[in-house]
Amino acid sequence: MSGYDFDLFTIGAGSGGIRASRRAAAFGARVAVAEQRFLGGTCVNIGCIPKKLFSYAAHFKKDLEDSRGYGWSIHQLTFDWRSLLDAKNREIERLNGVYRNLLNQSGVELIWGRATVTGPNTVDVDGRTFTSKYILVATGSSPTLPEIEGAEHCITSDDAFYLDKLPKRVVVVGGGYIAVEFASIFNGLGVDTTLVYRGDRLLKNFDADLGNFLAEQMSKRGVRIRFDTTIRKVDRDGTALSCVTGDEERLSCDTVLYATGRLPNTAALGLESVGVALAANGSIVVDDVFQTAQPSIYAVGDVIHRMQLTPVALAEGMLVADHLFNNGAEHMDYDGVPTAIFSHPNVAIVGLSEEEAFQSGYTVDVYRSIFTPLKHTVSSSGEKVLLKLIVDRESDRVLGVHMVGDDAGELLQGFAVAIKCRATKAQFDTTVGIHPTIAEEFVTMRTKVAA
Ligand code: FAD
């Protein structure tokens, strides 16, 4: 047993921190985790979970509209924001309790308060000092607001989960996944929604076809999308806001939500003073076992700014615990990490985009299919889906699977296994489809997109 209070002191009880702490305790380590705000971190409280609940809520309006084609008639459709908020809060409180129990049962000591690193082996939590053989920083990231006049009138995704009232008109600023998800949520809940983006394509880090197709489909559902537009300032007049664009146009609304970026939570943590190196954006620099420049300090999750996803933070946390307390020698494999965007319609991907494949030196064959799924032939909603496969011409390996359409996230998890197993296009082709589904198209696509 070391002469420290703990073997591992984790800062942050979010996705990465809780997973690493519990696993380390399971290996017999004496573990504490400090948390300043809520158990479960961003994902449980102000990220994935409440976002997905809001997304479900927003789907019902269109589902009910679609049902008309099938003979249903619905009168007096009303929506109560307060009821949704209360239901969401109840579920999150339940999950907070689940996390509290999990920590208790695994023997991890939970210490409430803001932690700072005061030495290679010491942590201060609101005036109390603890020593530990290892320190794990898992403090996550936070959204940013722009430095423009009137930024104080704007909100971020953190605030959107607690709005007192559902706005009538909203401007969402950004072109990444959080922006398209919130624009879809507000639009689905009946809010007049404008998405403003300074670039010319949504989801610029994904395959170009996805962003372009998503923009078309979101516009069809009623989201007004303004590309190549910047907001110069935000004016307030009573409760009304107006966004003044770079072209001096005014976009009136009640709420402006900025989803233009997140920064790692490393400010005033004491890291630099103990020799932990930070990158220019404030993220913690770690090696391939998540060790920082100070050998007793490790970091995982959003704060290292690699892939800002809950399952990635969980996997990184597990690897740190294995490495420190179980002689684990495995490294994190960031290839083939699938991801979904819960916009309406959903987007999901695994593997390389066409551009990434090209940049990696592959010569590829591309298969793309855009069609009206059976459900929407009768609903008459005009909704279409996009499926795309990127195949290495030389080895026949499927390098990327991409989809925009209903339940894309549910559907691509299985294809992620195929990509991990290095499946070839020939194996896709010999797989029998499930009929009638959207997904069967992935195993029946035979015509290459012309080069
Ligand atoms: P976090 O989960 O953020 O945990 C960090 C914890 O540290 C927090 O609880 C914080 O209070 C605490 N903390 C910070 N500083 C201190 C301190 N000094 N002392 C004590 N405690 C401290 N990912 C997905 O995979 N799928 C999704 O659908 C998805 N949707 C998202 C939607 C939104 C709106 C957002 C914002 C994020 C979403 N994410 C999603 C990303 C995901 O939430 C994060 O990648 C994940 O939560 C990162 O985990 P983490 O452990 O690094 O940090």
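As the structure is a computational prediction, the values presented were derived from the model and not from experiment.

Criteria and cut-off values
- Residues numbered from 1 in each chain as written.
- Predicted model: local features only at pLDDT ≥ 70, side-chain atom pairs only at ≥ 80, totals over all residues.
- Heavy atoms only, no water.
- Salt bridge = Lys/Arg side-chain N within 4 Å of Asp/Glu carboxyl O.
- Helix = DSSP H or I, 4+ residues; strand = E, 2+ residues; numbered from the N terminus.
- Buried < 20%, exposed > 50% of the residue type's maximum accessible area, 1.4 Å probe, protein only.
- Polar contact = N/O pair within 3.5 Å; in protein donor to acceptor, adjacent residues only side chain to side chain.
- Contact = heavy atoms within 4.5 Å.
- Pairing = 2+ DSSP bridges.
- Axes fitted to C-alpha atoms, helices over the stretch in contact; angles between N-to-C directions.
- Domains from an automatic or database assignment.
- Buried area = accessible area lost by both parts, 1.4 Å probe.
- Parallel < 35°, antiparallel > 145°, perpendicular 65-115°, else oblique.
- Left-handed = near helix turned anticlockwise from the far one by under 90°.
- Nonpolar A, V, L, I, M, F, W, Y, C, P; charged D, E, K, R; others polar.

Trainee: Got a minute to help me understand the pattern of salt bridges in this structure?
Mentor: Two side chains carrying opposite charge are able to pair once their charged atoms lie near each other. For the coordinates displayed, the defined rule picks out 24 salt bridges. A salt bridge links Glu65 to Lys61, with the shortest nitrogen-to-oxygen separation between them at 3.6 Å. Within this pair, Glu65 and its partner Lys61 are both found in helix α3 (residues 48-67), separated by four residues, close to a single helical turn. Using a relative accessible area of 36% as the deciding quantity, one classes Glu65 as partly exposed. Shared partners join several salt bridges into a network, and the residues in it are Asp207, Asp209, Glu354, Arg368 and Lys388.

Trainee: Could you clarify how one ought to interpret the side chain of Ser141 in this entry?
Mentor: You can see Ser141 is positioned in strand β7 (residues 141-143). A relative accessible area of 4% places Ser141 in the buried class. Of note is the side chain of Ser141, whose polar atom sits 2.9 Å from the side chain of Asp302. Apart from residues lying up to four places away in sequence, Ser141 is in contact with Thr42, Arg262, Leu263, Pro264, Asn265, Asp302 and Gln308.

Trainee: I would appreciate a short explanation of the sheet that holds strand β13 (residues 250-253) in the present structure.
Mentor: What the three strands build is an open sheet, ordered β11-β12-β13; its pairing is antiparallel. In this open sheet, the two strands that pair with only one neighbour each are β11 (231-237) and β13. Pairwise comparison of adjacent strand axes, ignoring direction, gives a mean angle of 20° for this sheet. When strand β12 (residues 240-245) meets β13, the two strands line up antiparallel, connected through four bridges.

Trainee: Mind showing me how you'd approach the domain arrangement of the protein chain here?
Mentor: If you check the domain split of the protein chain, you get domain 1 (6-142 + 263-325), domain 2 (151-260) and domain 3 (345-443). One C-alpha centre belongs to domain 1, the other to domain 3; they are set 31 Å apart. If you look at the interface, domain 1 gives seven residues, while domain 3 gives nine residues. Around 560 Å² of area is buried between domain 1 and domain 3 when both sides are counted, 46% of it from carbon and sulfur atoms.

Trainee: Would you mind going over the packing of helix α1 (residues 15-26) against helix α4 (residues 81-106) with me for this structure?
Mentor: Packed helices, taken two at a time, are described by the angle between their axes plus the distance between the axes. As a packed pair, α1 and α4 sit with axes 9 Å apart at the nearest point and diverge in direction by 25°. With respect to α4, the element α1 is oriented roughly parallel. Seen from above, α1 lies across α4 with left-handed handedness. Across from Ile18, Arg22 and Ala25 in α1, the residues of α4 making contact are Tyr99, Leu102, Leu103 and Ser106. Class assignment of the residues belonging to the contact of α1 with α4 gives a composition of five nonpolar, one polar and one charged.

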